[in-house]
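Structure at a glance
Given next are the chains, with one letter for each unit.
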Amino acid sequence: LLQDFGANRNNDRLTRLFEKSVELDGTKISDISFSRSGTLYAVTYGTYNYLYSYTSFPKLLATHSSSLTSVVYFNSTVYVGSVDENNNGSLLQYVTDLETVRTFSDADSKIVTMTAFDDLLFLGMENGDIYTFNGTEFDKIADFDEPVQCLVSDNNLLFMVLKNDATVYTYNGTLFFDASI
């Protein structure tokens, strides 16, 4: 039995309201992102490390040897975070295939979350670092003692949450400050 937030129910497997787009054993979706035109991008990890685009149907865009951790659509380009067996993160871009933009060598530099804000791409790392990327250059703007769990923007402000922390931080263009409610 499936039910959405509008209380629509369906237990008939032939006419399901919710349908899995892709079913791959041992593979999970790690992140999704929308482009301004409404295309959904999804990355997977596990048995298969794939980048998909979804409009009406899923389309496999690229495969990668490392686990894919995050995805974001920024400046008309799809960017993907990946992590290697040493927990070092890389930022990849998709043009016709996944190409490495930068590999981070700091310990636990896995890219956990990414978001676009104020004409910059923000990258949140498992080691607590936050980088910005303008399409050409990277700048480390913050480092926290806990892993960055989430970066999200409403196009007016940028918000950040650390793992194991109940505080919501807001970015003012220079630093992150406590904005808890």
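Small disclaimer: the values here were computed from a predicted structure and weren't measured.

**Digging into the side chain of Thr132**
If you trace the backbone, Thr132 turns up in strand S13 (residues 129-133). In this structure, Thr132 is in contact with Leu120, Leu121, Phe122, Glu137, Phe138, Asp139 and Ile141, ignoring residues within four places of it in sequence.

**As for the nonpolar core**
As a rule of thumb, soluble globular proteins bury nonpolar side chains together. With 13 residues, the main nonpolar core has Phe122, Ile130, Phe144, Leu151, Met160 and Phe176 as its most contacted residues. Secondary structure elements with two or more residues in this core: strand S15 (148-153), strand S16 (158-162) and strand S17 (168-171). Considering every element that reaches this core, the biggest residue donor is S16, with 3 residues. Apart from residues lying up to four places away in sequence, Phe144 is in contact with Asn127, Gly128, Ile130, Met160, Leu162 and Phe176.

**Brief notes about the environment of Ala107**
Note on placement: Ala107 falls in the loop between strand S10 (98-103) and strand S11 (111-117). For Ala107, a relative accessible area of 59% corresponds to the exposed category. A C-alpha to C-alpha distance of 7.2 Å links Ala107 and Asn87, two positions 20 residues apart in sequence.

**Digging into the sheet that holds strand S4 (residues 40-46)**
Ordered in space as S3-S4-S5-S6, the 4 strands form an open sheet in which the pairing is antiparallel. With one partner strand each, in any of the chains shown, strand S3 (27-34) and strand S6 (58-63) form the two edges of the open sheet. When the angles between neighbouring strand axes are averaged without regard to direction, this sheet yields 25°. As paired strands, S4 and strand S5 (residues 50-54) are joined by 4 bridges and run antiparallel to one another. Across the sheet, residue Ala42 finds its bridge partner in S5, namely Tyr52.

About the thresholds
Residues numbered from 1 in each chain as written. Predicted model: local features only at pLDDT ≥ 70, side-chain atom pairs only at ≥ 80, totals over all residues. Heavy atoms only, no water. Helix = DSSP H or I, 4+ residues; strand = E, 2+ residues; numbered from the N terminus. Contact = heavy atoms within 4.5 Å. Core = buried A, V, L, I, M, F, W, Y, C linked by side-chain atoms within 4.5 Å. Buried < 20%, exposed > 50% of the residue type's maximum accessible area, 1.4 Å probe, protein only. Pairing = 2+ DSSP bridges. Axes fitted to C-alpha atoms, helices over the stretch in contact; angles between N-to-C directions.

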